[in-house]
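Per-entry structural report
In case you want the letters, here they are:
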Amino acid sequence: MRYVALLRGINVNPGTTVAMADLRALLEKLGHTEVRTHLRSGNAMFTSADERPERIASLIEREITGQLGLTVPVIVRTAAELRQVVEDNPLDVRDPARFAVMFLAGTPDPALLEGIDPAAYAPEEMRVGRRELYMYFPEGLRRTRLQPLLEKRLNVTATARNWNTVTRLLALAEG
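Throughout this description, residue numbers start from 1 for each chain and increase along the sequence as written. For a predicted model such as this one, the threshold for reporting local features is a pLDDT of at least 70, and the threshold for listing and counting side-chain atom pairs is 80 or more; totals across whole chains, interfaces and linings nevertheless cover every residue. Hydrogens and water molecules were not included; the side-chain quantities draw on all heavy atoms of the structure.

Considerations on the sheet that holds strand S6 (residues 125-128)
Here we have four strands laid out as an open sheet, ordered S6-S7-S5-S8, and antiparallel in their pairing. Sheet topology places S6 and strand S8 (158-162) at the edges, where each strand pairs with a single neighbour. Taking each pair of neighbouring strands and ignoring which way they run, the sheet shows an average axis angle of 20 degrees. Strands qualify as paired when DSSP identifies two bridges or more between them. Each helix corresponds to a stretch of at least 4 residues labelled H or I by DSSP, and each strand to a stretch of at least 2 residues labelled E; elements are numbered beginning at the N terminus. Judged from the four bridges that link them, S6 and strand S7 (residues 132-136) form a sheet pairing that is antiparallel. Residue pairing for S7: Met 126 is matched across the bridge by Met 135. The contact definition used throughout considers only heavy atoms, calling two residues in contact when any of these lie within 4.5 Å. Between N-to-C directions, angles span 0 to 180 degrees; the directions come from axes that are lines fitted to C-alpha atoms, helices contributing only their stretch in contact. Helix H6 (residues 163-174) contacts strand S5 (99-104) and S8 of the sheet and is inclined by roughly 90 degrees relative to S8.

So, the environment of Val 156
With respect to the helices and strands, Val 156 occurs in the loop between helix H5 (146-153) and S8. The rule is simple: take the accessible area with a 1.4 Å probe, protein chains only, and divide by the maximum for that residue type; under 20% is buried, over 50% is exposed, in between is partly exposed. Given the relative accessible area of 27%, Val 156 is considered partly exposed. A sequence separation of 48 residues divides Val 156 from Pro 108, and the C-alpha atoms of the two residues are 7.7 Å apart.

Describing the pairing of strand S1 (residues 2-7)
Extensive coverage of S1 is indicated by the burial of six of its six residues. Note: S1 against strand S3 (residues 43-47), five bridges, orientation antiparallel. Looking across to S3, one finds that Ala 5 is bridged to Ala 44. With five bridges joining them, S1 and strand S4 (residues 74-78) adopt antiparallel strand pairing. Residue pairing for S4: Ala 5 is matched across the bridge by Val 76.

A closer look at the pattern of salt bridges
Salt bridge, as used here: a side-chain nitrogen of Lys or Arg that lies within 4 Å of a carboxyl oxygen of Asp or Glu. The final tally for this structure, using the stated rule, is 10 salt bridges. Linking Glu 125 and Arg 94 is a salt bridge whose minimum nitrogen-to-oxygen distance equals 2.8 Å. Placement of the pair is Glu 125 in strand S6 and Arg 94 in the loop between helix H3 (79-87) and S5, with a sequence separation of 31 residues. Look at the salt bridges and you will find they share partners, linking Asp 50, Arg 52 and Arg 55 into a network.

Some words on the packing of H3 against H6
The contact between H3 and H6 brings their axes to 10 Å, and the two run at 140 degrees. Relative to H6, H3 is oriented so that their crossing is left-handed. Only Trp 163, Val 166, Leu 169, Leu 170, Ala 173 and Glu 174 of H6 make contact with H3, whose side of the interface consists of Ala 79, Leu 82, Arg 83 and Val 86. Lys, Arg, Asp and Glu make up the charged group, whereas Ala, Val, Leu, Ile, Met, Phe, Trp, Tyr, Cys and Pro make up the nonpolar group; the residues left over, Gly among them, are polar. Split into classes, the residues belonging to the contact of H3 with H6 amount to eight nonpolar, no polar and two charged. Rotating anticlockwise by less than a right angle from the far helix to the near helix defines a left-handed crossing, while the corresponding clockwise rotation defines a right-handed one.

Section: the sheet that holds strand S2 (residues 33-38)
One open sheet accounts for four strands, arranged S2-S3-S1-S4; its pairing is antiparallel. In this open sheet, the two strands that pair with only one neighbour each are S2 and S4. Neighbour-to-neighbour, the strand axes of this sheet turn through a mean angle of 20 degrees, independent of strand direction.

Following this line, the structure appears as structure tokens:
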């Protein structure tokens, strides 16, 4: 089965540096094949006989800690799940560089999202998916008001990718 691993927070400062060659070697050591990385922000595609994405994520996290001494949250989706994320997008992608998907390790608790008033982050937009949040940032992702609101409320591991990256990862995972 084909998978996509999304690593959170690597290569954002000198203390979180992970070479993509090291990541590929680590994934291969875990028994994954056809390993490929995309960009330096922690995106990897691979084939695995293991059919439990949560277990795969846990093993990758453990191996990163053991080999590299870093604590890195990892979210894993099958290629089919990533296809569904793209197909289920409820928002208009006006500018793919300003549109993002926040991937969640679990299903978002509606009660945690209920109290967020859209006026608090307008003109930004957000819609809830299965295990994703779809977000549009018309003023860019650097000074977003929505992401800090979400991080305070969500009690689940999350990592975001812009739409260009999401669709490229899907093409690589399916290709």
